[in-house]
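If you want the building blocks of each chain, they are given just below.
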Amino acid sequence: MSNSGSFNEFLLLAFADTRQLQLLHFWLFLGIYLAALLGNGLIITAIACDHRLHTPMYFFLLNLSLLDLGTISTTVPKSMANSLSNTRAISYWGCAAQLFHFTLLFSTEYSVLTVMAYDRDVAICKPLHYGTIMSSRACVKMAAAAWASGFLSALLHTANTFSIPLCQGNVVEQFFCEIPHILKLSCADSYLRELGVLVVTICLVFGCFIFIVLSYVQIFTVVLRIPSEQGRHKAFSMCLPHLAVVSLFVITVMFAYLKPPSLSSPALDLVVTVLHAVVPPTVNPLIYSMRNKELKDALKKLVQLLLLQQR
């Protein structure tokens, strides 16, 4: 990372210019952040404490909640602090750390969602072999592979991005440090190496997306053949929350990164980034708990226990 001598900080995009709107942004983000902490924290605690939820599906859900907590904690607190202190600055190394952690958590989350699709595929299409295929050891290996792939991706992207000479100033047109907006600051033709890495990453992402789509085609083919309505309802209740989370993740990311340049503007980019970086970690706990009776029961018991302890 040879750019540290060029300047010591970046200037992030501000949500508002007036003090009143800055404080409004702070309180809005604080409410969203606390909701994400509460929702994901309750799911993590419920899964860890309830032995009935010690299954592959909930093991991966626990990983997903940890990733959601990390993702929103990487971006939102700094933005809140900047609004509260009326500044736009983030240090050079703080920006590099933010980009690394966001890429790590974001990449790992997509890998975990892919593994969760495989888990649902095996549970519905090969129920007799589910215990063998999705053993505890296999689940730990899959989760470890997801985290390792995210770490390698983050390390490669961060090293590449911050080794590129930056000639376009230090104003990042986003409320946190993100690869495309850092690349916009680079010198002409100097970002081709990182673009090559991005192309490889996009190919891998597309491969995972195809795998998820094929998994659900197979799942729905099997579910629609189930003779009983109760059986079909149970199978759909197992899959629809994951499908909703994947759809939210993919649609917001595609709109954020693949929209035509003619549609790009600082205000629209800001809204789209909030949709893909802030909204999913907040609503994912609601999506997973709405149609899941086991999880709802575990959460009710946990809340009741916490209320009794406070008395």
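Just so you know, these numbers come straight off a predicted model, no measurement behind them.

Rules used in this analysis
Numbers given to residues run from 1 along each chain, matching the order in which its sequence is written. In keeping with the model being predicted, local features are shown solely for residues with a pLDDT of at least 70 and side-chain atom pairs are shown and tallied solely at 80 or more, while totals for entire chains, interfaces and linings include all residues. Note that the side-chain values use all heavy atoms of the structure and ignore hydrogens as well as water. Segments assigned H or I by DSSP are reported as helices when at least four residues long, segments assigned E as strands when at least two residues long, and all are numbered from the N terminus. We compute the radius of gyration over the C-alpha atoms and compare it with the globule rule, which gives 2.2 Å times the number of residues raised to the power 0.38. Categorising residues by exposure relies on relative accessible area from a 1.4 Å probe, with only protein chains included: less than 20% of the type maximum marks a residue as buried, more than 50% marks it as exposed, and the intermediate range marks it as partly exposed. Here, two residues are considered to be in contact whenever any of their heavy atoms come within 4.5 Å of each other. All accessible areas in this document rest on Shrake-Rupley with a 1.4 Å probe, and a residue is counted as covered only by the protein chains that are shown. UniProt positions are given in the numbering used here, feature names are shortened, and annotations may be inferred rather than shown by experiment. In this description, a nonpolar core means a group of buried Ala, Val, Leu, Ile, Met, Phe, Trp, Tyr and Cys residues linked to one another through side-chain atoms lying within 4.5 Å. The axes are straight lines fitted to the C-alpha atoms, using for helices just the contacting stretch, and the angles between their N-to-C directions are given from 0 to 180°. Note on angle classes: values under 35 degrees are labelled roughly parallel, values over 145 roughly antiparallel, values of 65 to 115 roughly perpendicular, and the remainder oblique. Two helices cross in a left-handed way if the nearer one is turned anticlockwise from the farther one by less than a right angle. They cross in a right-handed way if the turn is clockwise. Nonpolar residues are Ala, Val, Leu, Ile, Met, Phe, Trp, Tyr, Cys and Pro. Charged residues are Asp, Glu, Lys and Arg, and all others, Gly as well, are polar.

**Q** Before we go on, may I ask you to explain the overall build of the protein in this structure?
**A** Within the protein, the regular secondary structure consists of 11 helices and two strands. In the protein, the succession of helices and strands from N to C terminus is β-α-α-β-α-α-α-α-α-α-α-α-α. Taking 2.2 N^0.38 as the reference for a compact globule, 311 residues should give roughly 19 Å; the C-alpha atoms of the protein span a radius of gyration of 21 Å, in line with that estimate. Its C-alpha atoms give the protein principal-axis dimensions of about 65 × 50 × 35 Å. Counting over 311 residues, the protein shows a buried share of 46%. Within the protein, counting contacts between residues at least 6 apart in sequence, those at least 24 apart form 78% of the total. Working note: accessible area of the protein is about 15,800 Å², and carbon and sulfur atoms make up 69% of it.

**Q** How should the side chain of H242 be read in this particular structure?
**A** Relative to the helices and strands, H242 is located in helix 8 (residues 229-258). Not counting the four nearest positions on each side in its chain, H242 is found in contact with L113, M116, A117, Y216 and Y288.

**Q** Help me understand unusual backbone geometry, please; the structure alone is not making it clear to me.
**A** Positive phi, close to 55°, is recorded for N86, a residue that is not glycine. Within the element layout of this structure, N86 appears in the loop between helix 2 (56-84) and strand 2 (89-91). On the basis of relative accessibility, which here comes to 48%, the residue N86 falls in the partly exposed class.

**Q** Could you clarify how one ought to interpret the UniProt feature "transmembrane region" (unreviewed entry) in the protein in this entry?
**A** The positions that UniProt labels "transmembrane region" (unreviewed entry) are, in the present scheme, residues 26-49, 138-156, 195-223, 235-258 and 270-290. Secondary structure over residues 26-49 splits into 100% helix and 0% strand, and the C-alpha atoms at its two ends are 34 Å apart. Note that residues 235-258 is 100% helix and 0% strand, and that its end C-alpha atoms are spaced 33 Å apart.

**Q** How do you make sense of the nonpolar core when you look at a structure like this?
**A** The nonpolar side chains of soluble globular proteins are, as a tendency, buried together. Core analysis: the largest hydrophobic core is formed by 62 residues, its most contacted members being I47, F60, L61, M116, V278 and L295. A per-element tally of this core places helix 3 (residues 92-125) first, with 12 residues. Leave out the neighbours within four places in its chain, and M116 touches F60, L61, L64, H242 and Y288. Counting residues in each nonpolar core, the second largest holds 17 residues, with L12, Y92, V172 and I179 among its members.

**Q** Help me understand the environment of A48 in this model?
**A** By secondary structure assignment, the location of A48 is in helix 1 (residues 19-49). The sequence separation of A48 and Y58 amounts to 10 residues, and the corresponding C-alpha distance is 9.3 Å. Dropping the residues within four chain positions of it, A48 is found in contact with H54 and L62.

**Q** Would you explain the packing of helix 1 against helix 2 in this entry?
**A** Think of two packed helices as two axes; the pair is described by the angle between the axes and how far apart they sit. With their axes 9 Å apart at the nearest point, helix 1 and helix 2 run at an angle of 160° to one another. Classified by the angle their axes make, helix 1 and helix 2 are roughly antiparallel. As for how helix 1 packs across helix 2, the hand of that crossing is left-handed. Of the residues that constitute the contact of helix 1 with helix 2, the class distribution is 22 nonpolar, eight polar and two charged.

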